[in-house]
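So the chains spell out like this:
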Amino acid sequence: MIRPSISIASLAVLGLGAGVFARSHHAEDLVDRVQGVRIASRIPCDGATNPQEELKLETTFSPGGWQRSFHVDVFESQYCKRMDLYFFCVMHGHDRWKHQWAQDSQGTPGPARYWIDTCSAWGSKDAREYILSGWYQEGAADRKLPWKQAAIKRVSATPEIYEFADANGGSARVEIKRK
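Residues numbered from 1 in each chain as written. Predicted model: local features only at pLDDT ≥ 70, side-chain atom pairs only at ≥ 80, totals over all residues. Heavy atoms only, no water.

Participant: Whenever I open this one, the state of the cysteines confuses me. Can you help?
Facilitator: What makes a disulfide is a covalent bond joining the sulfur atoms belonging to two cysteines. Taken as a whole and assessed by the stated rule, the structure comprises 1 disulfide. With its sulfur 2.0 Å from that of its partner, C45 forms a disulfide with C119. Residues C45 and C119 share a disulfide whose torsion about the S-S bond is about 130 degrees; that sign makes it right-handed. One end of the pair, C45, is in the loop between β1 (37–39) and β2 (52–61); the other, C119, is in the loop between β7 (111–117) and β8 (130–137), with 74 residues separating them in the sequence. On the basis of relative accessible area, C119 is assigned to the buried category, the value being 0%. (Disulfide = S-S within 2.5 Å. Helix = DSSP H or I, 4+ residues; strand = E, 2+ residues; numbered from the N terminus. Buried < 20%, exposed > 50% of the residue type's maximum accessible area, 1.4 Å probe, protein only.)

Participant: When you look at the packing of aromatic side chains in this model, what are you seeing that I'm missing?
Facilitator: For any two aromatic rings, the description comes down to two numbers: the centre-to-centre distance and the angle of the planes. Per the counting criterion, the structure on display carries 5 aromatic pairs. For the ring pair Y114 and Y130, a centre distance of 6.3 Å and an interplane angle of 85 degrees mean the geometry is edge-to-face. Here Y114 is found in strand β7, whereas its partner Y130 is found in strand β8, with 16 residues between them in sequence. In this structure, Y114 and Y130 share a single accessibility class: buried. Three or more aromatic residues joined by ring pairs make a cluster, and in this case those are F61, F70 and F164. Note that R33 overlies the ring of F75, its terminal NZ or CZ placed 5.2 Å from the centroid. (Phe/Tyr/Trp six-rings, centres within 6.5 Å; stacked < 30°, edge-to-face > 60°. Lys NZ or Arg CZ within 6 Å of the ring centre and 35° of its normal.)

Participant: What's the story with the pattern of salt bridges in this structure? I'm lost.
Facilitator: Side chains that differ in sign of charge can pair as their charged atoms come close. Tallied over the entire structure, the rule returns 12 salt bridges. For D166, the salt bridge is made with R68, and the minimal N-O distance between the two is 3.6 Å. Residue D166 is located in the loop between β11 (160–165) and β12 (171–178), and its partner R68 is located in strand β3 (residues 67–76); the two are separated by 98 residues in the primary sequence. Residue D166 shares its accessibility class with R68, and that shared class is buried. Of the charged contacts in the structure, one is a salt bridge between R178 and E160, with a shortest N-O distance of 2.9 Å. Here the residue R178 occupies a position in strand β12, and E160 occupies one in strand β11, the gap between them amounting to 18 residues. Taken individually, R178 and E160 each receive the classification buried, so the pair is uniform in this respect. (Salt bridge = Lys/Arg side-chain N within 4 Å of Asp/Glu carboxyl O.)

Participant: Can you help me understand the nonpolar core in this one?
Facilitator: Most often, soluble globular proteins keep nonpolar side chains buried together rather than apart. By size, the foremost hydrophobic cluster in this structure holds 23 residues, and its most contacted members are F70 and L132. Secondary-structure elements contributing two or more residues to this core are β1, β2, β3, β7, β8, β11 and β12. Grouped together as the second largest cluster of nonpolar side chains are 5 residues, V31, W97, I131 and W135 included. (Core = buried A, V, L, I, M, F, W, Y, C linked by side-chain atoms within 4.5 Å.)

Participant: Is there a simple way to explain the sheet that holds β11 in this structure?
Facilitator: Remark on secondary structure: sheet strands pair via backbone hydrogen bonds, oriented parallel or antiparallel. One open sheet accounts for 5 strands, arranged β7-β2-β12-β11-β10; its pairing is antiparallel. Either end of the sheet is taken by a strand with one partner, and the two such strands are β7 and β10 (153–156). Sheet twist, expressed as the mean angle between neighbouring strand axes with direction ignored, is 30 degrees. In this sheet, β7 lies alongside β2 in antiparallel orientation, the contact comprising 7 bridges. Looking at β7, one finds that E54 is bridged to W115. (Pairing = 2+ DSSP bridges. Axes fitted to C-alpha atoms, helices over the stretch in contact; angles between N-to-C directions.)

Here it is in structure tokens:
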């Protein structure tokens, strides 16, 4: 027979573990590569420097409906999770998608500038990974509901245009102009 105090203690430990897991895994870690679109710099990565390419992102959202948003996230394989002193890191984190830029339908749609790195690091020949993703929030914009990722599709190569639609029929579009 299991003693009640052991069962309660076991459940408390499991609950605490689940809470720690949930707090340490944010929505930014959950970007689905299949639903997003990979974007990259057109400048080749030379292995000696790390040039940047300027992007001008022009967003438009259909009127009314649910709140919608575009995000640009960058992949980080070795990042400092705790106390980054430039030359020393107390705790390294696991691979993640880090949120870098967003534009939503509640803000002022229009042009925004963003710079993407060509290489993953100085002296590296590996290209930096970026994902453009689309998100929507069901219901009224003032409610604390979770955001859901929508599948983005490319509708034009020249000019470079991507769009998505939410489950309520609202749409969002972003045009990327490269300098």
